[in-house]
Amino acid sequence: MRDHSRSPDRPTVIGTQALTGRGLWRYLVLAGVGWLAIAGLLDVTRPAAAAPARRSGGVGVSTVSVVDFSEAAKSPEARIPPPPNPREEEFHRRARPRLPSRPTSGARKVPPRAGAPKVAPAVSNSFDGLSEACSGCGVPPDPNAATSGTEIVELVNSFIQVTDTSGAVLCGGGVTLNRLLRTTDSLTDPRVQFDNRHQRFSLAVTLTPSSNSATPAMWVAASDSADACGTWRVYRLTFSGDPFPAGTFLDFPMLGQDTKSLLISTRNFTPHNGRNFTVYGLPKTTIYAGNPVSFNTFNVDSLTAPVTNAGQPMISSPVSFFLAAVPGTGYRLFRLTDGGGSGATLTKVTINSFFKAPTREANQPGTTSTIDSSDGNILASPYFDGTSIWFAHDFDLVGFPTVRYGAVNVSSNTVATAAAFRSATSDDFNPSLAVGLNPSGTIVYVNWAFTDAKAGTATSDVIDMLPAGQAIANLIGTGAVYAAGSTTTQTRFGDFSSVSIDPQVFGGTCAVATQQYFSSDGTWKTRLARVGNCQPTPLVLVPDVRNDRLAQARQVLVAAGLIVGQVTNVRDPTCNNIGTVLRQSPNPETSVPQGSAIRLSIGQRPPPPFQCP
């Protein structure tokens, strides 16, 4: 469910102008800038001082229970939907006012192909996931998925299903979230992710309060292993304090993670038309161990997405990040210390990069029925690559709903952005992305849906990418379409999608995209696609190069199918390894994927007055 805030400010993206009407005006404004190949515009601001954000006064607590997925799937009520909550539509109306519907007119300007990214990512395989026919799945489906490399867990609204990488259903079948969590709560807006460092899935799902006197609550669960069919630790989090009066609906929870914490944000609707936004962190050590948890929440200014750390295994970061896209302004970057634990602080920086939220719905061919095109907010977790936070959201470009993606540099507090759309006349919406870390640089996968009323194209799903190390660029007509559907009379779409990096394929070269489309009868379906180079990476043993000189160590590592990573000089007080490898990481005899980078520490003579013997 969404909050459609609007701004009259025009977006700032190079090379995506229309040549007629408003597009002609925009073309003339940007003509003096030149094409600059097709790179996205880099918005650079002076580094701003981080401002403290107020702790909300909100507190969450919970104890744990344990459930078994396979046992739940075998139960007679595994696929029986819970009774509908009549209050849910009330909150939907508050969250999502309709946008105007206008016929398609004009076109965006498509830049020359000279600087275009490489060919579209290969689709290794794709298959249909859950559909509207599942028990109580409702509209919209809220589709998203995460992969361990051998299993894919997909969630839609109130249903969960596990498949292998070819789409074969595992665990004895799918199950309603109500049966898995053993609750009669009215559940909605689920999210799932995989922790490749600790080899666990985690999920979050909120609930519609049953009355104005109900205690605000939501659910979080984590599997005990990489096998989603096994046992899960389950928490029903309850909230109190100023942001959470009785009857508050914790709307649109978003889920992310770093090495320390599960990171969550919510938009909170109070019973008397009040609204606020909060973020918080749950310590993984507590959740994974199944211990009781308590935590503080923090107020933020608008719908804000928790950031997931990329990497195989996941990289660490000194703070936890949250990022908000703000129509008419740009971006707000939040830094949360200590994973949100005791004594944590939250600071924010505003980064100016003006854009306008979509001004109309997405059109469909042959019908006046339209599909909602989002509200300009980030709706899926951004990814941190160690230097920058990558994100995607929708915006208005000369009257067309269009995908904007980009990267916030966390050191300089600046942002680079670019546009993604299928054609000059397409409407593009519901984006998500993920980042893979490769020895050659960052790989970025961008996933979205589009229609093209002028070309007769109904809702279709597309995946595109920036190859490893390529600078940010406009993605226009270069992606791979992995699902093509029909028109619908449904107006809701999404509310989100996802991309998940396969942790068993080295270098982030394989990802799983999840998106929505419509069948011939107009009901929703979901499609999952494995994209990129998804061949499993062979494992090799790391040779022992200690005591070797750097040139010799490089030869030995290359012969083993590995490369030299970061090389640092360290003082050697023993004087036994001056100019040779003193330490290496990973250690000798460790199994690593072929092509991995091995970090080396070269011994250096200590400074005077120390004397080597």
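To start, this report covers the structure provided alongside it. (Residues numbered from 1 in each chain as written. Predicted model: local features only at pLDDT ≥ 70, side-chain atom pairs only at ≥ 80, totals over all residues. Heavy atoms only, no water.)

### Regarding the overall build of the protein chain
Okay, so step 1: Counting its secondary structure elements, the protein chain contains six helices and 41 strands.
Okay, so step 2: For the protein chain, the proportion of contacts with a sequence separation of at least 24, taken over those separated by at least 6, is 67%.
Okay, so step 3: Surface exposure of the protein chain reaches about 22000 Å², of which carbon and sulfur atoms provide 52%. (Helix = DSSP H or I, 4+ residues; strand = E, 2+ residues; numbered from the N terminus. Contact = heavy atoms within 4.5 Å. Areas by Shrake-Rupley, 256 points an atom, 1.4 Å probe, with all protein chains shown as cover.)

### Description of the state of the cysteines
In a disulfide, the sulfur atoms of two cysteines are covalently bonded to one another.
Okay, so step 1: Under the definition given, this model contains four disulfides.
Okay, so step 2: The partner cysteine of Cys134 in its disulfide is Cys137, sulfur to sulfur 1.5 Å. In this structure, the disulfide formed by Cys134 and Cys137 twists by about -115 degrees around the S-S bond and is classed as left-handed.
Okay, so step 3: Judged by relative accessible area, which is 1%, Cys137 ranks as buried.
Okay, so step 4: Covalent S-S linkage joins Cys575 and Cys612, the inter-sulfur distance amounting to 1.9 Å. Between Cys575 and Cys612, the S-S dihedral sits near -80 degrees, and the bridge is therefore left-handed. Highlighted residues: Cys575 in the loop between strand E38 (563-571) and strand E39 (581-585) and Cys612 in the segment after strand E41 (597-604), separated in sequence by 37 residues. Each member of the pair, Cys575 together with Cys612, is buried.
Okay, so step 5: Ordering the disulfide-forming cysteines of the protein chain by sequence position, one finds them joined as 1-2, 3-4, 5-6, 7-8. (Disulfide = S-S within 2.5 Å. Buried < 20%, exposed > 50% of the residue type's maximum accessible area, 1.4 Å probe, protein only.)

### Examining the sheet that holds E39
Okay, so step 1: An order of E38-E41-E39 is seen for the three strands of this open sheet, with the pairing classed as mixed. What marks the edges here is a single partner per strand, and that holds for E38 and E39. Each strand of the sheet is rotated relative to its neighbour by a mean of 25 degrees, with strand direction disregarded.
Okay, so step 2: Alignment of E39 against E41, held across four bridges, turns out to be antiparallel. (Pairing = 2+ DSSP bridges. Axes fitted to C-alpha atoms, helices over the stretch in contact; angles between N-to-C directions.)

### A closer look at the side chain of Thr248
Okay, so step 1: If you trace the backbone, Thr248 turns up in the loop between strand E13 (231-240) and strand E14 (249-257).
Okay, so step 2: For Thr248, a relative accessible area of 2% corresponds to the buried category.
Okay, so step 3: There is a polar contact of 2.6 Å between the side chain of Thr248 and the backbone oxygen of Pro245.
Okay, so step 4: Setting aside anything within four residues of it in sequence, one finds Thr248 in contact with Pro209, Pro216, Pro243, Asn268, Phe269, Thr270 and Pro271. (Polar contact = N/O pair within 3.5 Å; in protein donor to acceptor, adjacent residues only side chain to side chain.)

### Looking at empty space enclosed by the protein
Okay, so step 1: Across all of its chains, the model carries four cavities of 30 Å³ or more by this definition.
Okay, so step 2: In this structure, the largest cavity encloses a volume near 420 Å³.
Okay, so step 3: Mapped onto the lining of the largest cavity, the elements with two or more residues apiece are strand E6 (144-147), strand E10 (186-195), E14, strand E19 (308-309), strand E29 (427-438) and strand E34 (498-501).
Okay, so step 4: The class makeup of the residues in the lining of the largest cavity is 15 nonpolar, 16 polar and one charged. (1 Å grid on protein atoms, 1.4 Å probe; cavity = no way out; pocket = protein on both sides within 12 Å on 5 of 7 lines; lining within 4 Å. Points joined across faces, edges and corners; volume = space filled by probe spheres on them. Nonpolar A, V, L, I, M, F, W, Y, C, P; charged D, E, K, R; others polar.)

### Looking at the side chain of Gln584
Okay, so step 1: Among the structural elements, Gln584 can be located in strand E39.
Okay, so step 2: Classification of Gln584 as buried rests on a relative accessible area of 6%.
Okay, so step 3: A distance of 3.1 Å separates the side chain of Gln584 from the backbone oxygen of Pro543, its partner in a polar contact.
Okay, so step 4: Within the structure, the side chain of Gln584 is placed 2.9 Å from the backbone nitrogen of Val545, a separation counted as a polar contact.

### Thoughts on the packing of aromatic side chains
Okay, so step 1: One pass over the structure, following the stated rule, counts 11 aromatic pairs.
Okay, so step 2: Aromatic pair Tyr331 and Phe355: ring centres 5.9 Å apart, planes at 25 degrees, arrangement stacked. Note that Tyr331 is positioned in strand E21 (residues 330-336) and Phe355 in the loop between strand E22 (346-352) and strand E23 (362-363), a separation of 24 residues in sequence. Like Tyr331, the residue Phe355 is buried in the burial classification. (Phe/Tyr/Trp six-rings, centres within 6.5 Å; stacked < 30°, edge-to-face > 60°.)

### Let's talk about the nonpolar core
Okay, so step 1: Ranked by size, the top nonpolar core spans 40 residues in total, and within it Phe321, Leu323, Leu333 and Ile389 carry the most contacts.
Okay, so step 2: If near-sequence neighbours (up to four positions away) are discounted, Leu333 is found in contact with Phe321, Phe322, Leu323, Thr347, Lys348, Val349, Ile351, Ile389, Val408, Val410 and Asn413.
Okay, so step 3: Core analysis: the next-biggest nonpolar cluster, separate from the first, contains 35 residues, Trp390, Val403, Trp448 and Ile501 among them. (Core = buried A, V, L, I, M, F, W, Y, C linked by side-chain atoms within 4.5 Å.)

### Section: the environment of Ile315
Okay, so step 1: The residue Ile315 is located in the loop between E19 and strand E20 (320-326) in this model.
Okay, so step 2: Among the residues examined, Ile315 registers a relative accessible area of 21% and is labelled partly exposed.
Okay, so step 3: On a C-alpha basis, the gap between Ile315 and Asp258 in space is 7.7 Å, while along the polypeptide they are 57 residues apart.
Okay, so step 4: Beyond its immediate sequence surroundings of up to four residues, Ile315 is in contact with Arg197, Thr259, Asn309, Ala310, Phe384, Asp385, Gly386 and Leu437.

### Some thoughts on the layout of surface pockets
Okay, so step 1: Approximately 1100 Å³ is the volume attributed to the largest pocket.
Okay, so step 2: Among the secondary structure elements, those contributing two or more residues to the lining of the largest pocket are E29, E38, strand E40 (591-593) and E41.
Okay, so step 3: Its residues placed into classes, the lining of the largest pocket shows 13 nonpolar, 16 polar and three charged.

### Concerning unusual backbone geometry
Okay, so step 1: Residue Asp495 is reached from Gly494 by a cis peptide bond, and omega for that bond is 5 degrees.
Okay, so step 2: Counting through the fold element by element, Asp495 comes out in the loop between strand E33 (480-484) and E34.
Okay, so step 3: Pro586 follows Ser585 through a cis peptide bond whose omega is 5 degrees.
Okay, so step 4: Topologically, Pro586 is positioned in the loop between E39 and E40.
Okay, so step 5: Phi at Asn273 takes a positive value of approximately 65 degrees, unusual for a residue other than glycine.
Okay, so step 6: Within the secondary structure, Asn273 sits in the loop between strand E15 (261-269) and strand E16 (275-283).
Okay, so step 7: For Asn273, a relative accessible area of 62% puts it in the exposed group.

### Looking at the environment of Val564
Okay, so step 1: Within the secondary structure, Val564 is located in strand E38.
Okay, so step 2: Classification of Val564 as buried rests on a relative accessible area of 17%.
Okay, so step 3: Sequence-wise, Val564 and Arg599 are 35 residues apart; in three dimensions their C-alpha atoms are separated by 6.4 Å.
Okay, so step 4: If we skip the residues at most four places from it in the chain, Val564 touches Arg554, Leu557, Ile598 and Leu600.

### Observations concerning the sheet that holds strand E30 (residues 441-452)
Okay, so step 1: In spatial order, the strands read E29-E30-E31-E33; together these four strands make up an open sheet with antiparallel pairing. Each of the sheet's edge strands pairs with one partner strand only, and the pair in question is E29 and E33. Geometrically, the sheet is characterised by an average inter-axis angle of 20 degrees between neighbouring strands, direction not taken into account.

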